[in-house]
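# Remarks on the overall topology
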There are 2 protein chains.
Amino acid sequence: MKIDPTVLKSLPLFDRMSDRDLNAMLEHAVSRRVMPGDAVFEQGAPAKSFFLLLHGRLKVTQVTPDGQQIIVRMVHPGDLFGFAMALQRADYPGTAIAAAESLTLAWPTEMWSRFVEQNPRLAVTAMQTIGQRLEEAHTRIREMSTEEVERRVAHAVLRLSRQAGKQVDTGIRIDFPISRQDIAEMTGTTLHTVSRILSAWEARGIVEGGRQKLTICDPQKLLNLADRARS
Amino acid sequence: MKIDPTVLKSLPLFDRMSDRDLNAMLEHAVSRRVMPGDAVFEQGAPAKSFFLLLHGRLKVTQVTPDGQQIIVRMVHPGDLFGFAMALQRADYPGTAIAAAESLTLAWPTEMWSRFVEQNPRLAVTAMQTIGQRLEEAHTRIREMSTEEVERRVAHAVLRLSRQAGKQVDTGIRIDFPISRQDIAEMTGTTLHTVSRILSAWEARGIVEGGRQKLTICDPQKLLNLADRARS
DNA sequence: CGTATTCTTGACTTATATCAATGTCGGTGG
DNA sequence: CCACCGACATTGATATAAGTCAAGAATACG
């Protein structure tokens, strides 16, 4: 595998790791390019590997028994994903699909406990990562319990702009293709409602929409919507 | 501290630990009795300790900036709780309140990393614990996104009966005082709606209510409500 | 007992889903 | 290069689940 170790070194997850350990890890890694719409792994499949996203953007989805889909989270460059073994289960709880062309690094599941036991520091860092994810999940539960749809969408869009925002001339552009349906699945609503909300915002000059595109023109107004109730 | 090590030994979290390590941990532990309504720690307070619940029942709550409360999770005997340090934060993200008289064991936060580094096995187990919690959170998000209130309440009640159910003559009784308001805060709805739902179920012989009481008489019917949509 | 929670129930309102068209974009192939 | 197709988006009309408002009743507790 020809992966530049300095790329990994820049990630908080690995920055405390020695060069020797890092190279040992890379020895076992397999990289793979994933095209938009392709799955890295599927819900329910045996968890043969765990992954690191080097470049691109993934969405992790789950489908309910009756066929409804939700987006569990977005995976951004530098994120570990698909470590089902940490959850003590043999299969992946969700499906990881590329939203944009992506580059992943994969390790065999068996290596996880070896790496962790050899390198307790990695264990601590990994735990903090899951902890953060748990906190994000609680935030989402809190929002879904207490906020009406418009505020939830405002929060979701603001998060996206922080995690995947790219400065362009008219504002901050979400840097990967995202549909109304996607936003609906992230906030627990329908694409119709999202469409109406974004249309209203566009009329007020807060955002600029488009087919699988979204640009935030006035982050301040969006923050107001998200924080104070009923504007 | 006079705590019987065999009690801890029976918990999955500690069963692989040597007697020596276990005793070393207990050396630093402080036990405390908590009366119903009392808080073990408060949201936003500095995370001085992490805890283990030996006996009783706690609810972990969060309040939103505008004063609405939600129940993040219930803590059952044997559960670790309040380990904010794993989330890499210095304060508690929620408040832990005793629902019934409880007995907790507390360690100073600083000890966590020491224990973990001395005992990698503990790290792995702890990570699995957080992982399970993450999965529970995702389940809740999925339910809140796709299910109507009655099914969510059904799922919540079934979970309670699994985690805190006690066989009594008329069915399975939730073994701690729980109000309609509590169930509402666990499912993202209002106490009115919960009350109506429980009344309807009582009329159908599925449950038996009461002030801060709840008994499941017909788990099968409840499962039907939870699984199949619109009965 | 009386006082304070907790619970129930009815009437009304509203946010949001659902149903149903129609419009628009962007890529593919003729 | 244009035309067409499929995916995505918009928007109106209507339905409805669940929230809000408002009393009252039941239960526990001091």
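Residues numbered from 1 in each chain as written. Chains lettered and ligands numbered in written order. Predicted model: local features only at pLDDT ≥ 70, side-chain atom pairs only at ≥ 80, totals over all residues. Heavy atoms only, no water.

### Quick notes on the relation of the copies chain A and chain B
- Between chain A and chain B, the superposition needs a rotation of 180 degrees and an axial shift of 0.0 Å, giving an RMSD of 0.0 Å. Such values leave the two copies arranged in the relation of a two-fold axis. Using C-alpha coordinates, one finds that chain A approaches the rotation axis most closely at A:Leu134, a distance of 2.6 Å.
- Most of the interface of chain A is mirrored in chain B: 97% of its interface residues are interface residues there too. (Least-squares fit on C-alpha atoms with pLDDT ≥ 70 in both. Contact = heavy atoms within 4.5 Å.)

### Let's talk about unusual backbone geometry
All names here are of chain A.
- Positioned with a positive phi, Gln212 is a non-glycine residue whose angle comes to about 60 degrees.
- Residue placement: Gln212 occurs in the loop between strand S9 (207–208) and strand S10 (215–216).
- Classification of Gln212 by relative accessible area gives partly exposed; the value is 40%. (Helix = DSSP H or I, 4+ residues; strand = E, 2+ residues; numbered from the N terminus. Buried < 20%, exposed > 50% of the residue type's maximum accessible area, 1.4 Å probe, protein only.)

### Points about the sheet that holds S10(A)
Residues and elements named next belong to chain A.
- Read across the open sheet, the four strands follow the order S7-S8-S10-S9; overall the sheet is antiparallel. Of all strands in the sheet, those bounded by a partner on one side alone are strand S7 (165–168) and S9.
- Pairing analysis gives two bridges linking strand S8 (residues 171–174) to S10, with the strands arranged antiparallel. Of the residues in S10, the one forming a bridge with Arg173 is Thr215. (Pairing = 2+ DSSP bridges.)

### Some details on the protein's contact with DNA strand D
- Lining the immediate surroundings of DNA strand D are 19 residues, of which A:Ser195, B:Glu148, B:Val149, B:Thr189 and B:Thr193 lie closest.
- Atoms of DNA strand D within 4 Å of the protein: sugar and phosphate make up 55%, bases the balance.
- In this structure, a base nitrogen belonging to DNA strand D sits 3.0 Å away from a side-chain N or O atom of A:Arg196.
- The side chain of B:Arg196 places a nitrogen or oxygen atom 2.9 Å from a base oxygen of DNA strand D.
- For the surface near DNA strand D, the secondary-structure elements that each account for two or more residues are helix H7 (191–203) of chain A together with helix H7 (191–203) of chain B.
- Of the residues forming the surface near DNA strand D, the biggest block, four residues, is contributed by H7(A). (Near = heavy atom within 4 Å. Polar contact = N/O pair within 3.5 Å; in protein donor to acceptor, adjacent residues only side chain to side chain.)

### Here's the deal with the pairing of strand S8 (residues 171–174) of chain B
- Examined bridge by bridge, strand S7 (residues 165–168) of chain B and S8(B) share four bridges and lie antiparallel to one another. When the sheet's bridge partners are listed, B:Val168 is paired in S8(B) with B:Gly171.

### Remarks on the protein's contact with DNA strand C
- The local shell around DNA strand C holds 19 residues, among which A:Val149, A:Thr189, A:Thr193, B:Ser195 and B:Arg211 are the closest.
- The sugar-phosphate portion of DNA strand C accounts for 65% of its atoms within 4 Å of the protein, the bases making up the rest.
- Of all the secondary-structure elements, those providing two or more residues to the surface near DNA strand C are H7 of chain A together with H7 of chain B.
- The greatest single-element share of the surface near DNA strand C, amounting to four residues, is contributed by H7(B).
- Split by residue class, the surface near DNA strand C holds one nonpolar, eleven polar and seven charged. (Nonpolar A, V, L, I, M, F, W, Y, C, P; charged D, E, K, R; others polar.)

### Here we look at the sheet that holds strand S10 (residues 215–216) of chain B
- One open sheet holds the four strands; their spatial order is S7-S8-S10-S9 (chain B), and the pairing between them is antiparallel. Edge positions in the open sheet fall to S7 and strand S9 (207–208) of chain B, since each of these has one partner strand only.

### Looking at the pattern of salt bridges
- On inspection of all chains with the given rule, the structure shows 20 salt bridges over all chains.
- Close ionic contact of A:Lys59 with A:Asp182 constitutes a salt bridge, the shortest N to O distance being 2.8 Å. One end of the pair, A:Lys59, is in strand S3 (residues 49–63); the other, A:Asp182, is in helix H6 (residues 180–187), with 123 residues separating them in the sequence.
- A:Lys59 sits in the buried class, given a relative accessible area of 17%.
- Under the relative-accessibility criterion, A:Asp182 is labelled buried at 8%.
- With a shortest N-O distance of 2.6 Å, B:Asp19 and B:Lys9 are connected by a salt bridge. With B:Asp19 in helix H2 (residues 19–27) and B:Lys9 in helix H1 (residues 5–9), this residue pair connects regions lying ten residues apart in the sequence.
- One network of salt bridges, in which partners are shared, links A:Arg89, A:Asp91 and B:Glu135. (Salt bridge = Lys/Arg side-chain N within 4 Å of Asp/Glu carboxyl O.)

### Focus: the domain arrangement of chain A
Residue and element names in this part refer to chain A.
- Under the domain assignment used here, chain A contains domain 1 (5–133) and domain 2 (147–227).
- Taking only C-alpha atoms into account, the centre of domain 1 sits 27 Å from that of domain 2.
- With nine residues of domain 1 in contact, the opposing surface of domain 2 contributes eight residues.
- For the pairing of domain 1 and domain 2, the buried interface totals around 810 Å² over both sides, and the portion due to carbon and sulfur atoms is 59%.
- The three residues of domain 1 that bury the most area against domain 2 are Arg57, Ile71 and His76, which together make up 52% of that side's buried surface.
- Joining domain 1 to domain 2, the criterion identifies four residue pairs in polar contact (both at pLDDT 80 or more).
- Those elements that provide at least two residues to the side of domain 1 that touches domain 2 are S3, strand S4 (69–75) and strand S6 (95–108).
- The leading source of residues in the side of domain 1 that touches domain 2 is S4, at four residues. (Domains from an automatic or database assignment. Buried area = accessible area lost by both parts, 1.4 Å probe.)

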